[in-house]
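# Close look at the chain arrangement
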Amino acid sequence: MLALKNVILTSLRLSSYSKTTNNLVSLFEKRCVSSILPNPFSTSVPNSLIRQLPSNSTNTSILSSVSSLVPSLFLKKSCPSLQQTRSVTKWSLNKGKRKTVKAVVARFYRLGWGAWIRPMVGRNKHHWSKTAKRKIRAEKHVFCNSTQSTLLDKMVTKYWRKRRFYVDDLYEPYHQREEYSLTAVKPH
């Protein structure tokens, strides 16, 4: 982003015009400076950046030359989102069916009574700083809460919500929940 700022400032300085319109300065401040600032909550523009901008002009050809270099900064109103999205596809392009979010299947496991389990967060990180007891504890799995389980159920298709039967399943004792009457198999 700093290289982009330098290209724009250099093209403004190297132009033969001594003045720029106030529109160019305000447009530059709104579009470029807001995305260059290190603090996203800061609303002030650094003085060093404003001093480098030319002051006033009546010609707008600089704007067209700079905007041809970087059209996306001047045309878009919002910055592109860098946030990851793993939202569910409700209507696929091929058959118009719902799709499973593959990240859910890879990271979570659904038990027979509807609960989802996952490994402890950060279990493979910073092993050098963890004690042996803490490493053993980190290998265990934890339950997702009911809100998370509902959300995960919505992110997978019926195929993954059904109980899966595997040979020598490690989770076999956990697929029944006897203390809860709706999932209990044995009579109380």
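Residues numbered from 1 in each chain as written. Predicted model: local features only at pLDDT ≥ 70, side-chain atom pairs only at ≥ 80, totals over all residues. Heavy atoms only, no water.

## Things to note about the overall build of the chain
Within the chain one finds nine helices and three strands. Tracing the chain from N to C terminus, the helices and strands come up as α-α-α-α-α-α-β-β-α-β-α-α. Every one of the 188 residues in the chain was classed for burial, and the buried ones make up 24%. In the chain, 63% of the contacts between residues at least 6 apart in sequence involve partners at least 24 apart. For the chain, the computed accessible surface area is about 14,500 Å², with 56% contributed by carbon and sulfur atoms. (Helix = DSSP H or I, 4+ residues; strand = E, 2+ residues; numbered from the N terminus. Buried < 20%, exposed > 50% of the residue type's maximum accessible area, 1.4 Å probe, protein only. Contact = heavy atoms within 4.5 Å. Areas by Shrake-Rupley, 256 points an atom, 1.4 Å probe, with all protein chains shown as cover.)

## Focus: the nonpolar core
Ranked by size, the top nonpolar core spans seven residues in total: Val101, Val104, Trp116, Cys144, Leu152, Met155 and Val156. If sequence neighbours within four positions are ignored, Cys144 has contacts with Phe108, Trp116, Arg118, Ser149 and Leu152. (Core = buried A, V, L, I, M, F, W, Y, C linked by side-chain atoms within 4.5 Å.)

## Observations regarding the sheet that holds strand S1 (residues 109–110)
Taken together, the three strands give an open sheet; going across it, the order is S1-S2-S3, and neighbouring strands pair in antiparallel fashion. With partners counted over all chains shown, the strands left at the sheet margins are S1 and strand S3 (141–143), one partner each. When S1 meets strand S2 (residues 116–119), the two strands line up antiparallel, connected through two bridges. Bridged to Arg110 within S2 is Trp116. (Pairing = 2+ DSSP bridges.)

## What to know about unusual backbone geometry
Located in the positive-phi region is His126, a residue other than glycine, with phi close to 50 degrees. Along the chain, the position of His126 falls in the loop between S2 and helix H7 (132–138). At Asp168, a residue that is not glycine, the phi angle is positive and equals roughly 50 degrees. Relative to the helices and strands, Asp168 resides in the segment after helix H9 (158–161). Asp168 gets classed as exposed once you look at its relative accessible area, which sits at 70%.

## Concerning helix H8 (residues 146–155)
Taken as a whole, H8 has its buried residues at Ser149, Leu152, Asp153 and Met155. Take H8 and look down its axis: the buried residues cluster within an arc of 160 degrees, on one side only. Opposite the buried face of H8, by more than 90 degrees, sit the exposed residues Ser146, Thr147 and Lys154. In this fold, the buried residues of H8 make contact with helix H6 (102–107), S1, S2 and H9. For H8, the N-terminal capping position is held by Asn145, with its side-chain oxygen 3.2 Å away from the main-chain nitrogen of Thr147. (Arc of directions from axis to C-beta. Polar contact = N/O pair within 3.5 Å; in protein donor to acceptor, adjacent residues only side chain to side chain.)

## Here's the deal with the pairing of S2
The loop that links S1 with its antiparallel partner S2 comprises five residues; one of these, Gly114, has a positive phi angle of about 105 degrees. When S2 meets S3, the two strands line up antiparallel, connected through three bridges. In the strand pairing of S3, Ile117 is matched with Phe143.

## A word on the environment of Leu152
Its location among the elements puts Leu152 in helix H8. Sequence separation of Leu152 and Val105 is 47 residues, and the distance between their C-alpha atoms is 9.3 Å. Not counting residues up to four positions away in its chain, the partners in contact with Leu152 are Val104, Phe108, Trp116 and Cys144.

## Some remarks on the packing of aromatic side chains
For any two aromatic rings, the description comes down to two numbers: the centre-to-centre distance and the angle of the planes. Inspection of the entire model under this criterion finds three aromatic pairs. Between Tyr159 and Trp160, the ring centres sit 5.0 Å apart and the planes meet at 90 degrees, which makes this aromatic pair edge-to-face. Among the residues examined, Tyr159 registers a relative accessible area of 46% and is labelled partly exposed. The lysine or arginine in question, Arg164, covers the ring of Tyr159, its NZ or CZ lying 4.1 Å from the ring centre. The ring centre of Trp160 lies 6.0 Å from the NZ or CZ of Arg164, which sits over that ring. (Phe/Tyr/Trp six-rings, centres within 6.5 Å; stacked < 30°, edge-to-face > 60°. Lys NZ or Arg CZ within 6 Å of the ring centre and 35° of its normal.)

## Notes on the side chain of Lys130
Tracing the chain through its elements places Lys130 in the loop between S2 and H7. Within the structure, Lys130 has its side chain in polar contact with the backbone oxygen of Gly122 (distance 2.7 Å).

Shape is all these values report; function is a separate question.
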